[in-house]
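Close look at the chain arrangement
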Amino acid sequence: QWHIAQKKIPFAQFGTGEDRSFGSAALTADGFTYIYGTRGRKGAGKTMILARAPEADLENFASWQFRAADGWTTNAGDMADLCGGMASEYSVSWLPALRQYVLICTENGLSKKIIARTAPEPWGPWSAATVVYQCPEADGDRKIFCYAAKAHPMLATKPDQLIVTYAANSFEFAQVFEDARLYWPRFVRVSLAESPASPQLQPK
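Residues numbered from 1 in each chain as written. Predicted model: local features only at pLDDT ≥ 70, side-chain atom pairs only at ≥ 80, totals over all residues. Heavy atoms only, no water.

**Notes on the overall build of the protein**
Applied cut-off: Secondary structure is summarised from DSSP: a helix means a run of H or I of at least four residues, a strand means a run of E of at least two, and numbering begins at the N terminus for each. With the radius of gyration taken over C-alpha atoms, the globule rule is written as 2.2 Å times the number of residues to the power 0.38. Think of it in three bands: residues with accessible area under 20% of the maximum for their type are buried, residues over 50% are exposed, and the middle band is partly exposed, with areas taken using a 1.4 Å probe on protein chains only. Should any heavy atoms of two residues lie within 4.5 Å, those residues are considered in contact. Per-residue and other accessible areas follow the Shrake-Rupley method at a 1.4 Å probe size, with only the shown protein chains counted as cover for residues. Asp and Glu count as negative and Lys and Arg as positive, but His and the ends of the chain are not part of the count. Taken as the charge centre is NZ of Lys, CZ of Arg, CG of Asp or CD of Glu, depending on the residue.
When its secondary structure is counted, the protein shows 1 helix and 14 strands. Relative to the 2.2 N^0.38 estimate, which gives 17 Å for 204 residues, the radius of gyration of the protein is 18 Å and therefore close to what a compact globule would have. Each of the three principal axes of the protein carries a C-alpha extent, and together these read 50 × 45 × 45 Å. Out of the 204 residues belonging to the protein, those deemed buried represent 47%. A sequence separation of at least 24 residues applies to 43% of the contacts in the protein between residues at least 6 apart. In the structure as shown, the protein presents an accessible area of about 11400 Å², 52% of it carried by carbon and sulfur atoms. Once the 21 positive and 20 negative side-chain charges of the protein are each reduced to a mean point, those two points are 3 Å apart.

In structure tokens:
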């Protein structure tokens, strides 16, 4: 019953100095669809950028707005960097126990560290990053790398819980065939709370 159509996002940008893309994550809230992306600058890693459109008018690119430093704008060139250390894919979801939005990603895209940030609104301001899990597959083997961490809130069974997946792979293609543990999704149950002494996020 699905009818798939591809639309070229006109605000994406790929060049020698800066890359800008959308679709890293998506979130629907308050009548809008928030389309998260990344901006990459050579030697500086990736930052979060954000667009939004009315939920019923997503494919109308004239309706898109972009998060700037001081609010929303129709000029994609004025988008702000909302936080750093980002990956090409990540998740943003509402965590009922904290009454906050939670960002989950692999630190800097390729890392054994899965990090979380919280924010009161879909656009931020985002807290400092907290490491909520360290992937064991990369320990002791430099050819193995971990990536693609994201949360799946529809799988959670408690209001303070997120089910997070990530992948482990190898820089040596033959190793993927030889080691059946690689290139499968890994599932991690993460429970989050705020520290009693400060609003700093901490895993429970």
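**What to know about the pairing of strand S5 (residues 65-68)**
Let me state the cut-off plainly: Pairing between strands requires that DSSP locate at least two bridges from one strand to the other.
Note: strand S4 (residues 45-54) against S5, 2 bridges, orientation antiparallel. Paired with Arg52 across the bridge in S5 is Gln65. Alignment of S5 against strand S6 (residues 71-73), held across 3 bridges, turns out to be antiparallel. The partner of Arg67 across the bridge, within S6, is Trp72. Between S5 and S6, which pair antiparallel in sequence order, lie 2 residues.

**Considerations on the packing of aromatic side chains**
For clarity, the cut-off: Stacked, tilted and edge-to-face are the three classes assigned to paired rings of Phe, Tyr and Trp, where Trp is represented by its six-membered ring and a pair needs centres within 6.5 Å; plane angles under 30 degrees give stacked, over 60 edge-to-face, the rest tilted.
A complete count under the given rule lists 16 aromatic pairs for this structure. Summarising the aromatic geometry, the rings of Phe32 and Tyr34 are spaced 6.2 Å apart at their centres and angled 55 degrees between planes, so their arrangement reads as tilted. Ring centres of Tyr34 and Trp123 lie 6.3 Å apart, and the angle between their planes is 40 degrees; on these two criteria the pair is classed as tilted. Linking Tyr34 in strand S3 (residues 32-41) with Trp123 in the loop between strand S9 (113-119) and strand S10 (130-134), this pair joins segments that are 89 residues apart in sequence. Judged by relative accessible area, which is 2%, Tyr34 ranks as buried.

**A short note on unusual backbone geometry**
A negative phi angle characterises most non-glycine residues, just as the trans form characterises most peptide bonds. Going from Gly124 to Pro125, the amide bond is cis rather than trans, its omega being -5 degrees. Relative to the assigned elements, Pro125 resides in the loop between S9 and S10. Positive phi values are uncommon outside glycine, yet Asp30 reaches one of about 55 degrees. Looking at the element boundaries, Asp30 is found in the loop between strand S2 (18-29) and S3. Of note, Asn108 is a non-glycine position whose phi angle comes to about 60 degrees, a positive value. Among the structural elements, Asn108 can be located in the loop between strand S8 (100-106) and S9.

**A few points about the sheet that holds strand S1 (residues 13-14)**
Spatially, 6 strands are ordered S1-S2-S3-S4-S5-S6 in an open sheet, and the strand pairing comes out antiparallel. Both outer strands of the open sheet, S1 and S6, are each paired with one neighbouring strand and no more.

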